[in-house]
Amino acid sequence: MATYTGGFATGDVLTAAIMSALGGAWNSYTPTLTQSGAVSKTVTYAKYLQFGKLFVAAFELTVTGSGTSGQPIYIGLPITGAAGVTAVGTAWLFDSSAGVHYVGGFQRSSTTAAGIIVNGYGSFVGASPSLALASGDNLRGVMFGEVA
């Protein structure tokens, strides 16, 4: 990983070159997608960046298989997260069969996966609201958290 040895002062501009030196290059990864079992998908985009003990990930997936209705949907983290620390971020799910967009946030469910939480529901999407992933559904998101 590249390192940045310069200092920062009020009014400094954080450039792409400095960001690259701080965190290194974006790394490709293949996120898992599960809903009571593995769900087939096409990965349109999935990359992450690690800054010391912090990771930032962005992805877009298109479902090509199917999940199990009433079960939570989980997306795999690009790295193993620290135990007891929540990975958070912004999530978007398009349920193509119902024509419904769900926008919410991520909450880590384990050190390797996060689920989507939508305001007004009491559980991970898939369980509440109850739905099954199906071919044509789309998931996008950005998440960050602490590396183990």
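One can find the structure itself at the top, above this paragraph.
Conventions adopted
- All residue numbers refer to positions counted from 1 along the written sequence of the respective chain.
- For this predicted model, a pLDDT threshold of at least 70 governs which residues receive local features, and a threshold of 80 or more governs which side-chain atom pairs are given and counted, while totals over whole chains, interfaces and linings are taken from all residues.
- Computation of side-chain values covers all heavy atoms of the structure but excludes hydrogens and water.
- By definition, any uninterrupted DSSP run of H or I lasting at least four residues is a helix, any uninterrupted run of E lasting at least two residues is a strand, and each is numbered from the N terminus.
- Contact between two residues is taken to exist if any of their heavy atoms lie within 4.5 Å; hydrogens are not considered.
- What makes a salt bridge here is a side-chain nitrogen of Lys or Arg within 4 Å of a carboxyl oxygen of Asp or Glu, nothing more.
- Under the scheme applied here, a residue whose accessible area is under 20% of the maximum for its type counts as buried, over 50% as exposed, and between as partly exposed, the area being computed with a 1.4 Å probe on protein chains only.
- Any N or O atom pair separated by 3.5 Å or less is treated as a polar contact, with the protein-specific requirement of one donor-capable and one acceptor-capable atom, and with residues adjacent in sequence counted only for side-chain atom pairs.
- Only Phe, Tyr and Trp rings are paired, with Trp represented by its six-membered ring, and only when their centres lie within 6.5 Å; those with planes under 30 degrees apart are stacked, over 60 edge-to-face, the remainder tilted.
- Between any two strands, at least two bridges found by DSSP are needed for them to pair.

Visitor: I keep staring at the environment of leucine 139 and nothing clicks. Help me out?
Guide: Mapped onto the elements of the fold, leucine 139 is located in strand 9 (residues 138-146). Distance from leucine 139 to phenylalanine 94, taken between C-alpha atoms, is 6.5 Å for residues 45 residues apart in sequence. For leucine 139, the contacting residues outside a window of four places in its chain are Leu33, Phe59, Glu60, Leu61, Val63, Ile73, Ile75, Trp92, Leu93, Ile116 and Leu133.

Visitor: Quick question: what am I supposed to make of the pattern of salt bridges here?
Guide: Any two side chains of opposite charge can pair if their charged atoms end up close together. Using the criterion set out here, one finds one salt bridge in the structure. For glutamate 60, the salt bridge is made with arginine 140, and the minimal N-O distance between the two is 3.2 Å. Taken as a pair, glutamate 60 in strand 4 (residues 54-63) and arginine 140 in strand 9 lie far apart in primary sequence, 80 residues in all. Overall, the relative accessible area of 39% leaves arginine 140 in the partly exposed class.

Visitor: Can you walk me through the side chain of asparagine 138 in this structure?
Guide: Tracing the sequence through the fold places asparagine 138 in strand 9. A polar side-chain atom of asparagine 138 sits 3.3 Å from the main-chain carbonyl oxygen of leucine 61. With residues near it in sequence (within four places) discarded, asparagine 138 still touches Glu60, Leu61, Thr62, Trp92, Leu93 and Phe94.

Visitor: Would you mind going over the packing of aromatic side chains with me for this structure?
Guide: On inspection of all chains with the given rule, the structure shows four aromatic pairs. Their ring planes at 85° and their centres at 5.9 Å tell us that tyrosine 29 and tyrosine 48 sit as a pair that is edge-to-face. With tyrosine 29 in the loop between strand 1 (27-28) and strand 2 (33-34) and tyrosine 48 in strand 3 (residues 41-51), this pair connects stretches of sequence that are 19 residues apart.

Visitor: In this structure, what is going on with the sheet that holds strand 7 (residues 100-108)? I would like to understand it.
Guide: One key point about sheets: their strands pair by backbone hydrogen bonds, in either a parallel or an antiparallel sense. Sheet architecture is open: nine strands sit in the order 1-3-4-9-6-7-8-5-2, paired in antiparallel fashion. With one partner strand each, in any of the chains shown, strand 1 and strand 2 form the two edges of the open sheet.

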